[in-house]
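A look at the structure
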Amino acid sequence: MKKTYLLALSLSLGSPFLYAKTQLAGELMIVGGALASSNKAVYQQFIQSAGGADKARIVVIPAASSQPVKYFRQFQQDLALYGVPEQQVQLVPIAVKDDKSTTEDESLWRHNAADPKLAAQEQQATAVWFLGGDQNHLVDTLRAEGKNSPVLDAIWQLYQSGGIVGGTSAGAAIMSETMIASGSSWTALARAVAKPDTQIDEAADEPLQLRRGLGFFPDGVIDQHFDRRARFGRLIVAVAEQNSASAIGYGVDEDSALFYQAKTRQFQALGSGGVTVIDLRQARKVTNPLGFQMENIRLSYLQGGDRYDIQHQQLLPHPDKVKTTGAEYGSNPNPVMSGVFSANTRLKDFITFELTDNKTASQAISYLHQGNGLVFGLTFSKDEKTSGYWQYLDGLKDNSSAHQVRLDIVPGRIQIDLKPQS
């Protein structure tokens with residue numbers, strides 16, 4: 001059977017658009033990766049914002065993926081589970097990698113974003129979705145040589161006029177103006193920061209690398225796979241390194257989404273995980289030859305339908321949540337998290353169970369190191385600005401949130417002697 005592909009976006013072609021924050025009327029569904037087919041909260045909201053299952057016209061851009069057709073079909077089938085007919089979900093033939101599961105060479109699609117005919121199809125899309133993979137491929141195909149392609153301008157027009165733009169993993173990374181292209185928390189804190197045009201060896205311990213993203217999300221830096229890949233440190237450094245005056249970062253967990261509404265500049269945390277907000281506006285960077293040091297970083301964590309007002313930097317907890325501040329449940333005076341044998345090793349659990357919902361502790365401490373040598377001490381603390389919230393979710397599963405937890409990061413040296421005694 002012959003395959004047909006369609007970009008259902010109408011467009012008046014011309015010079016690149018200028019998109020001020022006040023012009024944007026659309027929404028963003030920014031997914032942290034590993035989106036489960038069963039994630040009703042994310043899929044149903046995306047479909048609703050696209051016009052509902054009957055009216056949604058969704059186009060999928062697979063440029064980031066190493067198997068663009070395979071993962072398009074998976075997404076198409078997931079949407080069908082929620083009532084969207086497969087013919088209403090169409091693949092845009094823009095890719096860099098050949099999909100070995102097909103007879104066609106999809107790598108020949110790499111320049112298709114420049115095709116005005118592809119961008120000017122008569123049908124009107126209501127939503128765009130970016131598949132995961134390598135975010136650099138998305139930027140390089142849609143903005144080749146630093147210029148917006150006709151396809152990218154079409155997406156901007158849809159977003160500007162009230163449509164929804166979504167993406168997972170790499171499709172989330174490209175959403176902010178400053179894009180994290182590579183790096184780990186360790187390399188970032190240890191000051192391995194590469195220039196945007198540096199060729200990165202994927203086999204090595206990648207340094208932090210920032211480059212220009214597609215800029216749909218105007219309010220800070222986005223990071224993804226946040227919980228699973230421990231990207232807390234790298235997002236802090238990325239926000240500190242970039243030139244935007246916002247000084248805010250947003251880390252999205254796997255199987256979770258930051259659902260952003262441009263008109264209100266508010267977002268909601270959807271899915272099984274949550275969203276971490278990192279605020280460096282009042283933070284103080286300290287020069288230290290050992291590595292990255294910063295005081296008074298402020299962080300918040302949202303999950304389970306919590307909302308966040310970006311303009312006022314205010315957490316709006318789910319209506320069913322109760323405030324834990326002043327009525328804390330836990331009682332652990334000296335919480336420390338140092339590895340897999342520690343309780344509450346995930347960031348969200350550590351700062352809620354061990355701090356904001358802990359009546360006998362004013363601070364909680366964690367460490368990042370790779371054996372002997374450099375170590376980073378992370379001191380989380382609460383003060384008059386800090387608040388916590390809690391509810392039971394899905395039976396007796398805890399659903400906690402935290403707002404304005406203070407964090408200080410200090411590098412040092414450590415010596416560990418593990419020699420067995422004879």
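Residues numbered from 1 in each chain as written. Predicted model: local features only at pLDDT ≥ 70, side-chain atom pairs only at ≥ 80, totals over all residues. Heavy atoms only, no water.

1. Some words on the confidence of the model for the chain
For the record, the criterion: pLDDT gives the predictor's per-residue confidence on a scale running from 0 to 100. Contacts are residue-level and defined by heavy atoms, with any inter-residue pair within 4.5 Å sufficient.
Across the chain, the average pLDDT comes to 91, with 92% of residues at or above 70. Low pLDDT, under 50, characterises residues 1–22; the stretch is placed with 63 contacts to residues that sit more than four places away or in other chains.

2. Comments concerning the pattern of salt bridges
How we decide: Every case where a carboxyl oxygen of Asp or Glu lies within 4 Å of a side-chain nitrogen of Lys or Arg is listed as a salt bridge. Only DSSP runs of H or I covering at least 4 residues are called helices, and only runs of E covering at least 2 are called strands; the numbering of each starts at the N terminus. Note on classification: 1.4 Å probe, protein chains only; a residue is buried when its accessible area is under 20% of the maximum for its type, exposed when over 50%, partly exposed between these limits.
Applying the stated criterion to the full structure yields eleven salt bridges. Notably, a salt bridge pairs R211 with D140, separated by 2.9 Å at the nearest N-O pair. With R211 in strand β8 (residues 208–212) and D140 in helix α4 (residues 135–142), this pair connects stretches of sequence that are 71 residues apart. For D140, a relative accessible area of 39% puts it in the partly exposed group.

3. Remarks on the side chain of D255
We count it as follows: Asp and Glu count as negative and Lys and Arg as positive, but His and the ends of the chain are not part of the count. In the analysis that follows, any N or O atom pair within 3.5 Å is treated as a polar contact, provided that within protein one partner can donate a hydrogen and the other can accept it, and provided that, for residues neighboring in sequence, both atoms belong to side chains.
Structurally, D255 can be placed in the loop between β10 (248–252) and β11 (256–261). Comment: no salt bridge for buried D255; closest opposite-charge side chain is K397, at 8.3 Å. Of the polar contacts made by the side chain of D255, one reaches the side chain of N39; its length is 2.8 Å. Those residues in contact with D255, other than ones at most four positions away along the chain, are G33, A34, L35, A36, N39, G271, S272 and G273.

4. Details of helix α5 (residues 150–160)
The buried count for α5 comes to nine of eleven residues, which makes it a mostly enclosed element. Three or more residues of α5 are buried, namely P150, V151, L152, D153, A154, I155, W156, L158 and Y159. The first or second residue beyond α5 is G162, which carries a positive phi of 115 degrees.

5. Overview of the side chain of S342
When you line up the elements, S342 lands in the loop between β19 (336–337) and α9 (347–356). Separated by 2.9 Å, the side chain of S342 and the backbone nitrogen of S338 make a polar contact. Discounting chain neighbours no more than four positions away, the residues touching S342 are V336 and M337.

6. What about the nonpolar core?
In globular proteins that are soluble, nonpolar side chains generally tend to be buried together. Heads up, the condition is: By nonpolar core is meant a set of buried Ala, Val, Leu, Ile, Met, Phe, Trp, Tyr and Cys residues that side-chain atoms within 4.5 Å join together.
If you look at the biggest cluster of nonpolar residues, it comprises 51 residues, and the most contacted ones within it are F130, M175, F216, F217, L258 and F267. Apart from the residues within four sequence positions on either side, F217 is in contact with L28, I30, M175, S176, E177, I222, Y250, L258, Y260 and I310. The next biggest cluster of nonpolar side chains, apart from the first, holds 35 residues, and it includes L189, L208, F232 and L407.

7. Section: the sheet that holds strand β5 (residues 164–168)
Hydrogen bonding along the main chain pairs the strands of a sheet, whether they run parallel or antiparallel. Cut-off, in case you're wondering: For two strands to count as paired, DSSP must find a minimum of two bridges between them. Here an axis means a line fitted to C-alpha atoms, over the contact stretch when the element is a helix, while the angle between two N-to-C directions is reported on a 0 to 180 degree scale.
Here nine strands make up an open sheet; going across it, the order is β3-β2-β4-β5-β1-β11-β12-β16-β17 and the pairing mixed. The open sheet has two edge strands, β3 (89–91) and β17 (314–316), and neither has a second partner. For this sheet the average axis-to-axis angle between neighbouring strands, irrespective of direction, equals 20 degrees. With four bridges connecting them, strand β4 (residues 127–130) and β5 associate as parallel partners. Bridged to F130 within β5 is G167. Set on the sheet, helix α2 (residues 68–81) makes contact with β2 (58–61), β3 and β4; between it and β3 the angle comes to about 175 degrees.

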